Amino acid sequence: MAGTDPRARAERRSAGELESEVLAALWATDRPLTPAEIQAEIDGPLAYNTVHTILKRLYDKGLVLRDADGQRGAYRPAKNAAELTAEAMHEALDRGPDPIAALQQFVSGLRPEEEKALRNLLAGGAG
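Within each chain, residues carry numbers counting from 1 in the order of the written sequence. Predicted model: local features are reported for residues with pLDDT of at least 70 only, side-chain atom pairs are reported and counted for 80 or more only, and whole-chain, interface and lining totals are derived from all residues. With hydrogens and water stripped out, all remaining heavy atoms of the structure feed into the side-chain values.

A.B. asks: Break down the nonpolar core for me, with residues and values.
C.D. replies: Put simply, buried Ala, Val, Leu, Ile, Met, Phe, Trp, Tyr and Cys residues joined by side-chain atoms within 4.5 Å make one nonpolar core. Exposure classes here rest on a 1.4 Å probe applied to the protein chains alone. A residue is buried below 20% of its type maximum, exposed above 50%, and partly exposed in between. Residues Val-22, Leu-26, Ile-38, Leu-55, Leu-58 and Val-64 are the most contacted members of the largest nonpolar core, which totals 17 residues. Of all the secondary-structure elements, those providing two or more residues to this core are helix H2 (15-27) and helix H4 (48-60). Strands are runs of DSSP state E lasting at least 2 residues, helices are runs of H or I lasting at least 4, and numbering of each runs from the N terminus. The dominant element in this core, judged by the number of residues it contributes, is H2, at 5 residues. Should any heavy atoms of two residues lie within 4.5 Å, those residues are counted as being in contact. Among all residues touching Leu-58, those that are not within four sequence positions of it are Glu-19, Val-22, Leu-23, Leu-63 and Val-64.

Quick look at the structure:
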């Protein structure tokens, strides 16, 4: 039955979603993880080969680093979650025709605690 096939569930997730899940697993620890360890950390069944493919894509994008550890390869994130998010925000601003308007829209949608943190940062505080 297709509904119980682990591969069918994995195929329904987008590559971006899988990449996010792999990065989240790596960010959740202080040490490099092997593909098998990452596979165990991800919710739901996911083939080892799929995890390995996602790691290769992330490596090619410069988002993970591969550590040689004897015969097995372990991976660690090249950037922490905050760095990656900030980079994506900068790229989004650079793509748009009016970065100031985009910032205005972004700021107007902040939750009160986020707005307070932004105000503190702009005033020279630590957040």
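A.B. asks: Describe the pattern of salt bridges, with residues and values.
C.D. replies: The salt bridge definition used is simple: a Lys or Arg side-chain nitrogen within 4 Å of an Asp or Glu carboxyl oxygen. One pass over the structure, following the stated rule, counts 8 salt bridges. The salt bridge involving Glu-37 is made with Arg-31; its shortest N-O contact spans 3.2 Å. A relative accessible area of 24% places Glu-37 in the partly exposed class. Among the ionic pairs, Glu-114 bridges to Arg-111, the shortest N-O distance being 2.8 Å. A single salt-bridge network, built from bridges that share partners, covers Arg-111, Glu-113 and Glu-114.

A.B. asks: Quick one: what's the story with the environment of Leu-55, residue by residue and with numbers?
C.D. replies: Along the chain, Leu-55 turns up in helix H4. Using a relative accessible area of 0% as the deciding quantity, one classes Leu-55 as buried. Along the backbone, Leu-55 and Glu-19 are 36 residues apart, and their C-alpha atoms lie at a distance of 7.8 Å. Aside from chain neighbours lying at most four places away, what touches Leu-55 is Val-22, Leu-26, Pro-35, Ile-38, Val-64 and Tyr-75.

A.B. asks: Please set out the environment of Tyr-59 residue by residue, giving values where relevant.
C.D. replies: With respect to the helices, strands and loops of the structure, Tyr-59 is situated in helix H4. What makes Tyr-59 partly exposed here is its relative accessible area of 45%. Separated by 18 residues in sequence, Tyr-59 and Pro-77 place their C-alpha atoms 9.2 Å apart. Once residues within four sequence positions are removed from consideration, Tyr-59 is found in contact with Val-64, Leu-65 and Arg-66.

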